[in-house]
Amino acid sequence: MNGLFYAHSGLRYLVLLVALAGLAMSIRGQLSNAPVPKAARIVGSIYSGLVDLQVLLGLIMVGLGRWYPMLAGHLVLMVLALVATHVLFVRARKAATPSWRAHLFAYGLSLGLILAGVFALGRMPWATSAMKPLGG
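Residues numbered from 1 in each chain as written. Predicted model: local features only at pLDDT ≥ 70, side-chain atom pairs only at ≥ 80, totals over all residues. Heavy atoms only, no water.

So, about the packing of aromatic side chains. Tallied over the full model, the rule gives four aromatic pairs. Consider the rings of Phe5 and Tyr6, whose centres lie 5.2 Å apart with planes at 70°: the pair is edge-to-face. Centroid distance Tyr47 to Tyr107: 5.4 Å. Interplanar angle 55°. Geometry classified as tilted. Taken together, the positions of Tyr47 in helix α2 (residues 38–63) and Tyr107 in helix α4 (residues 100–120) put the pair 60 residues apart, joining distant regions of the chain. Classification of Tyr47 as buried rests on a relative accessible area of 0%. Here the aromatic cluster, defined as three or more aromatic residues joined through ring pairs, consists of Tyr47, Phe89 and Tyr107. (Phe/Tyr/Trp six-rings, centres within 6.5 Å; stacked < 30°, edge-to-face > 60°. Helix = DSSP H or I, 4+ residues; strand = E, 2+ residues; numbered from the N terminus. Buried < 20%, exposed > 50% of the residue type's maximum accessible area, 1.4 Å probe, protein only.)

Okay, here's the thing in structure tokens:
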């Protein structure tokens, strides 16, 4: 169980890193009026996959008995972030003309929900760990 906890706790940095890279790419693209390249779609897919993995690890931990009351709001907001991420990136991909604005909105809303979910735990996102690991 501690391995899952550490994986979930550490993966957040990779999620954040890819989100910030995608956000920076989208801002740059929007400001330069450049067309949306395939790389933007790839970064969005990587980000979506990382969010999926993060939520899955969290749900597995809850399923294995790691639960405390503050997790309720965290879980709801993280699942909403996952759904928003997928819906918005699918809509951006299926648009007749791809736009940076759609990517900016997807990253912005997703990151906003993720930050709200972290704050729902009652701590700052940059804290060292989400909670004390079992047996430690």
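Of note, His103 is situated in helix α4. Owing to a relative accessible area of 6%, His103 belongs among the buried residues under this scheme.

Following the sequence through the fold, Leu82 ends up in helix α3 (residues 71–94). Leave out the neighbours within four places in its chain, and Leu82 touches Val51, Asp52 and Val55. (Contact = heavy atoms within 4.5 Å.)

Here α2 crosses α4 at 20°, and the two axes come no closer than 12 Å. One way to sum up the angle between α2 and α4 is to call them roughly parallel. Handedness of the crossing formed by α2 with α4: left-handed. Every residue of α4 that contacts α2 at Ala40, Arg41, Val43, Gly44, Tyr47 and Val51 is listed here: Trp100, His103, Tyr107, Ser110, Leu111 and Ile114. Residues belonging to the contact of α2 with α4 are distributed by class as follows: eight nonpolar, three polar and one charged. (Axes fitted to C-alpha atoms, helices over the stretch in contact; angles between N-to-C directions. Parallel < 35°, antiparallel > 145°, perpendicular 65-115°, else oblique. Left-handed = near helix turned anticlockwise from the far one by under 90°. Nonpolar A, V, L, I, M, F, W, Y, C, P; charged D, E, K, R; others polar.)

Now for unusual backbone geometry. One non-glycine residue with positive phi stands out, namely Asn33, at about 60°. Along the chain, Asn33 falls in the loop between α1 (2–32) and α2. For Asn33, a relative accessible area of 71% puts it in the exposed group.

To continue, consider the side chain of Ser48. With respect to the secondary-structure elements, Ser48 resides in helix α2. Beyond its immediate chain neighbours, meaning those up to four positions away, Ser48 contacts Thr85, His86 and Phe89.

The grouping of Lys38, Arg41, Arg93 and Lys94 at the surface amounts to a positive patch. Within the residue set of the positive patch, elements represented by two or more residues are α2 and α3. Its place among the elements puts Lys38 in helix α2. (Patch = residues over 30% accessible without salt bridge, like charges linked within 9 Å, V, L, I, M, F, W, Y side chains within 5 Å. Areas by Shrake-Rupley, 256 points an atom, 1.4 Å probe, with all protein chains shown as cover. Salt bridge = Lys/Arg side-chain N within 4 Å of Asp/Glu carboxyl O. Lys, Arg positive; Asp, Glu negative; His and termini not counted. Charge placed at Lys NZ, Arg CZ, Asp CG, Glu CD.)

Let us look at the nonpolar core. Most often, soluble globular proteins keep nonpolar side chains buried together rather than apart. Counting 23 residues, the largest nonpolar core has Val15, Tyr47, Val51 and Ile114 as the members making the most contacts within it. Among the elements of the structure, α1, α2, α3 and α4 are those that each provide at least two residues to this core. Broken down by element, this core gets its largest block of residues, seven residues, from α3. If near-sequence neighbours (up to four positions away) are discounted, Val15 is found in contact with Tyr47, Leu50, Val51, Gln54 and Ile114. (Core = buried A, V, L, I, M, F, W, Y, C linked by side-chain atoms within 4.5 Å.)

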